[in-house]
Amino acid sequence: TTDAAKTVDAAAREALAKKEGDGDQASLLKQTLTSVDKDYTLIKKGAFQLIYDLNYAYIGQDKINTDLASGSATLFNIENVNSHTLTNTFSLDYGLLNNLTGNFTLPIVSKYTQSQVLDGTSNSFGDMSFGARFQPFEAKRDSISITANAGLRLPTGTSPFKVVAGSGIATGSGVTAFSGGVNVNKIVDPVAIFGSFNLTYSRPASKLSQVMGSKILTEVRPGLTFGFGAGFAYALSYAITTSVSFQESIAAGSKLRFTDGINTYAVRTTPQTSGVLSLGLGYRLSPKTTLNTSVGIGLTANSPNFTLDMTLPLSF
């Protein structure tokens, strides 16, 4: 069962390593860079805002494959795996109230993976999501602004637990997830300080039949994910803003269940920690539109090596 557990753990690692807190931190950064002196920093009641986000992420790693069934290491080899992911995300915000904003997000994912067993490209929808942001108190100059958020992510992308091992590429997480958190920021001209924390619960993926070697994966129960982050933005001029932020996500071990046709086995994966350092630049195109770009640097083994991101919000 040890070798089977390692096989299942490696196959599920990429899907279970999704950084739930990254989106919240990015949303907070955009809100901080584009906020002005008004009662509430969310969009006004009845207003729409369309946000286009283009993100590129690269993951490169060396995986060690070995068989310990005989009591000694056999079939030893080092496999190089490279993954390039380009995500076009379209988000629509609607002001339900001056201090309550609803949100719908639809990502379109193009993913290229290269390894010894797989060399292919996948183009598909990712996991769509619905969310809401609520600001309980009016934002006042030189005071802390607090925003609560909640979200529901649906497994509309290609599930990593249903693709054929070695020939399929996943574009989604494969599970339904609920998230909630709090964002805080304070503007001290010419600096804006911000931070966030969030918690994500993912429902189990059951009734699976994914073949992994001589075993079949039948169920995955992801662990809770806790994320937090902080950073600051500095206004170089009326039109140019720079930012530095850090985001960390800690995912508890997941429970995996698989069978060999006769016996059923349960395995728990190890916890995963992701840390990303982001350097950003915002350029104000108009009083209502700011183009935000950022470069993310992975700080842990479970993080992307680096990311590039460009976001353009359009209010109407």
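Residues numbered from 1 in each chain as written. Predicted model: local features only at pLDDT ≥ 70, side-chain atom pairs only at ≥ 80, totals over all residues. Heavy atoms only, no water.

K.L.:
What is the right way to read the overall build of the protein chain from this model?
P.N.:
A count of helical and extended segments in the protein chain gives two helices and 17 strands. Every one of the 316 residues in the protein chain was classed for burial, and the buried ones make up 42%. When contacts within the protein chain are restricted to residue pairs at least 6 apart in sequence, long-range pairs at least 24 apart make up 62% of them. (Helix = DSSP H or I, 4+ residues; strand = E, 2+ residues; numbered from the N terminus. Buried < 20%, exposed > 50% of the residue type's maximum accessible area, 1.4 Å probe, protein only. Contact = heavy atoms within 4.5 Å.)

K.L.:
What exactly am I supposed to notice about the environment of Val184 here?
P.N.:
If you trace the backbone, Val184 turns up in strand β7 (residues 177-188). A C-alpha to C-alpha distance of 8.8 Å links Val184 and Ala148, two positions 36 residues apart in sequence.

K.L.:
Explain the packing of aromatic side chains here, please?
P.N.:
Within a pair of aromatic rings, the relevant descriptors are the distance that separates the centres and the angle that separates the planes. Taken as a whole and assessed by the stated rule, the structure comprises seven aromatic pairs. Measuring from centroid to centroid gives 4.7 Å for Phe48 and Tyr94, while their planes differ by 45°, and the two rings are tilted. Placement of the pair is Phe48 in strand β1 (residues 48-67) and Tyr94 in strand β2 (residues 74-97), with a sequence separation of 46 residues. We classify Tyr94 as partly exposed; its relative accessible area is 32%. Feature note: the residues Tyr56, Tyr58 and Phe306 constitute an aromatic cluster, connected by ring pairs. The positively charged end of Arg284 is found above the aromatic ring belonging to Tyr238, 4.9 Å away from the centroid. (Phe/Tyr/Trp six-rings, centres within 6.5 Å; stacked < 30°, edge-to-face > 60°. Lys NZ or Arg CZ within 6 Å of the ring centre and 35° of its normal.)

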